[in-house]
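Residues per chain, in single letters:
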Amino acid sequence: MSRIIVIGAGVMGLAAAYQALLDGHEADVFEASPEAGGMAGHFDFGGISIERFYHFVCHSDHPTFKLMAELGIADKMRWVPTSMGFFNQGRLHHWGDPISLLRLPGVSLINKLRYGLFVFICMQKHSWPGLEHKSANDWIIRYCGKDNYDRFWRPLLMYKYYEYVDSISAAWIWTRIRRIGKSRKNFMQEELGYIEGGSKTLVDALMNAIEQRGGRLHLGAPVQRVAVENGRVTGINALAKFFPADAVISTVPTPLISGMIPDLPSDWKARYEAIHNIGVICVILKLKRSVSPHFWVNISESGIEIPGVIEFTNLRRVGDISIVYVPYYMPVTNAKFAWPDDRLQQDAFSCLQRINPALTHDDIVDVKVTRLRNGQPVCETGFAAKIPPIQTPIHGLQIADTCFYYPEDRGIAESVRMGRNMARSVKGT
Ligand SMILES: Cc1cc2nc3c(=O)[nH]c(=O)nc-3n(C[C@H](O)[C@H](O)[C@H](O)COP(=O)(O)OP(=O)(O)OC[C@H]3O[C@@H](n4cnc5c(N)ncnc54)[C@H](O)[C@@H]3O)c2cc1C
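Nothing here was measured: the structure is a model prediction, and the numbers come from that model. (Residues numbered from 1 in each chain as written. Predicted model: local features only at pLDDT ≥ 70, side-chain atom pairs only at ≥ 80, totals over all residues.)

**A few points about the packing of helix α4 (residues 109-124) against helix α6 (residues 146-161)**
- Following both chains from N to C, one finds α4 and α6 inclined at 70 degrees, their axes separated by 10 Å at the closest point. Classified by the angle their axes make, α4 and α6 are roughly perpendicular. When the axes of α4 and α6 are compared, the crossing they make is right-handed. Residues N111, R114 and Y115 of α4 touch α6, and the partners they reach there are D147, N148 and F152.
- Partitioning the contact of α4 with α6 into residue classes produces two nonpolar, two polar and two charged. (Axes fitted to C-alpha atoms, helices over the stretch in contact; angles between N-to-C directions. Helix = DSSP H or I, 4+ residues; strand = E, 2+ residues; numbered from the N terminus. Parallel < 35°, antiparallel > 145°, perpendicular 65-115°, else oblique. Left-handed = near helix turned anticlockwise from the far one by under 90°. Contact = placed C-beta atoms within 7 Å. Nonpolar A, V, L, I, M, F, W, Y, C, P; charged D, E, K, R; others polar.)

Structure, rendered in structure tokens:
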């Protein structure tokens, strides 16, 4: 048995602590925020508990399903036929299936066939090692052509990655296309899932399971420093106290690692610091009327600087109101990241009005703005070689965050898998 300290009570940290307890260890979880959940956390939106950042489940999210079954909440999984839209040249089009592609105006038949073939190939391949050193834009242009890239892909990548747009890994994009593309009921019908009650249902069940097995959750307890002696981890400092441990598992975003663990060798710190993240802001609007019938609307339209909007209530219905997430991804150095909430709210609503001109300010019931500085790792070409090993040179110290399961995109299922695997690799003392 080891005394394990887990840093971070997002799903990765909670899954690590849960697994550690199953394996007979002691576990303490330290979380900086007053609430658990991390990126999958909730807030109270005028009586509705909902995610700070939109979350859907795909059919390939097996680690989530296995964990839910163990926690006795498998019956909370819901599957919904969903659709995608595409807003381009002032019009909203149906999107995401072959018929919609063929019906799209303003695109030549040859370009439609190239686009369709590209997506088909992406779905058929089980591995694609050659993509690791290709950039997403070169790869997409090669298969789809420049016109298709500029119309369908560039705005999605540009209004997420900005100055990093030309260096994003093709392997990362392919894995993402595949995960969402494979979540279908049949060839023509996309099907996405949600957990009844939202991600909080999973987070709460994990917290209960940890406490029932004798684990301890310390919320509002940021870890200031990981203590190291003679090359071995000895514990952590938090809440102005020292907590001893035989093993420490850190799940906090890599940009925070060097500050929290000053005893790491400088070449290791440099590796964590070389991993960039972009921030994300979500403007979440509660509306009296729906913007569109689609869960996700991709946007490629001059004057709109966001990749798309997510009408969450087209997946998880909440009464007869509509809840829409308008995400602004960008490096936190971008001036827009410092925009005040009211400016973002106006910008977000004007985007929605362009998609659905019938919307008026009277339709707005409530608005909330959520922000995250480390919202998405920037997975550049050759990223696999940039990821440091999970086991650090400090004995007993493991470090991972959402970029460690590259080429998979950040996601609850992969964080669960990663957290459990980290706990399993702790040896008893
Ligand atoms: C906009 C957005 C949309 C998303 N959509 C989906 C989706 O549709 N489906 C899906 O599966 N996934 C989605 N995700 C991804 C998913 O939320 C994440 O992959 C997952 O929640 C990450 O969990 P984690 O525990 O690995 O990391 P985090 O949730 O980042 O947890 C890390 C925790 O560490 C804490 N921490 C930081 N510093 C310290 C410190 N010094 N001491 C103690 N604690 C500290 C943080 O507060 C945080 O709680 C989305 C994420 C975002 C941002």
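**Some thoughts on the sheet that holds strand β6 (residues 84-88)**
- Reading across from one edge, β7-β6-β16-β17-β18-β15-β19 is the order of the seven strands in this open sheet, with mixed pairing throughout. Looking at the sheet topology across the chains shown, the edges are occupied by β7 (91-95) and β19 (364-377). Each neighbouring strand pair of the sheet contributes to a mean axis angle of 20 degrees, computed without reference to strand direction.
- Sheet topology note: the strand β16 (residues 296-300)/strand β17 (residues 308-311) ladder contains three bridges and is antiparallel. Looking at the pairing, V297 lines up with V309 of β17.
- The sheet strands contacting α6 are β6, β15 (277-287), β16 and β18 (322-330), and the helix crosses β16 at an angle near 95 degrees.
- The sheet contacts of helix α11 (residues 341-355) involve β6, β7, β15, β16, β17, β18 and β19, and relative to β15 the element is tilted by about 65 degrees. (Pairing = 2+ DSSP bridges.)

**Considerations on the sheet that holds strand β14 (residues 247-250)**
- Taken in spatial order, the five strands line up as β10-β2-β1-β14-β20 in an open sheet, and their pairing is parallel. Every other strand in the sheet has two partners, leaving β10 (216-218) and β20 (397-399) as the edge strands with one partner each. Averaged over neighbouring strand pairs, the angle between their axes works out to 15 degrees when direction is ignored.
- Bridge analysis of strand β1 (residues 3-7) against β14 gives four bridges, and the strand direction is parallel.

**Considering the environment of K386**
- Among the structural elements, K386 can be located in the loop between β19 and β20.
- Each C-alpha atom of the pair K386 and H93 lies 39 Å from the other, and the pair is 293 residues apart in sequence.
- Those residues in contact with K386 that lie beyond four places of it in its chain are A274 and I275.

**Focus on the pairing of strand β4 (residues 48-51)**
- Bridge count between strand β3 (residues 42-45) and β4: four bridges; the pairing is antiparallel. Among the inter-strand pairings, F43 is bridged to a residue of β4, identified as I50.
- Remark: two residues form the turn of the hairpin made by β3 and β4, two consecutive strands paired antiparallel; G46 in that turn has positive phi of roughly 60 degrees.

**Here we look at the site of the ligand**
- Around the ligand sit 36 residues, and of these G8, G10, M12, G38 and M39 come closest.
- Elements that contribute at least two residues to the shell around the ligand include exactly α1 (11-22), β19 and α12 (412-424).
- Among the residues forming the shell around the ligand, the class breakdown is 22 nonpolar, 11 polar and three charged.
- Of the residues that make up the shell around the ligand, three or more belong to each of domain 1 (3-55 + 198-275 + 387-424) and domain 2 (83-195 + 277-377). (Near = placed C-beta within 6 Å. Domains from an automatic or database assignment.)

**Focus: unusual backbone geometry**
- Here Y406 and P407 are connected by a cis peptide whose omega angle stands at 10 degrees.
- As for its placement among the helices and strands, P407 is situated in the loop between β20 and α12.
- Although it is not a glycine, N230 sits at a positive phi angle of roughly 50 degrees.
- Classification of N230 as exposed rests on a count of 6 C-beta atoms within 10 Å.
- One non-glycine residue, L239, lies in positive phi territory at about 50 degrees. (Buried ≥ 20, exposed ≤ 12 C-beta atoms within 10 Å, placed from the backbone.)

**Observations regarding the domain arrangement of the protein chain**
- Domain annotation of the protein chain identifies domain 1 (3-55 + 198-275 + 387-424) and domain 2 (83-195 + 277-377).
- Taken over C-alpha atoms, the centre of domain 1 sits 30 Å from the centre of domain 2.
- Secondary structure elements with two or more residues in the side of domain 1 that touches domain 2: β3, β4 and α8 (199-212).
- At three residues, α8 tops the list of elements feeding residues into the side of domain 1 that touches domain 2.
- Of the residues assigned to the side of domain 1 that touches domain 2, the class counts are 14 nonpolar, five polar and four charged.

**Here's the deal with the nonpolar core**
- Among the nonpolar cores identified, the biggest contains 128 residues, and L14, A17, I210, I236, V248 and V324 are the most heavily contacted of them.
- With nine residues, the top contributor of residues to this core is α1.
- Both of domain 1 (3-55 + 198-275 + 387-424) and domain 2 (83-195 + 277-377) provide at least three residues apiece to this core.
- Among all residues touching L14, those that are not within four sequence positions of it are A9, V29, A36, V203, L206, M207 and I210. (Core = buried A, V, L, I, M, F, W, Y, C linked by C-beta atoms within 7 Å.)

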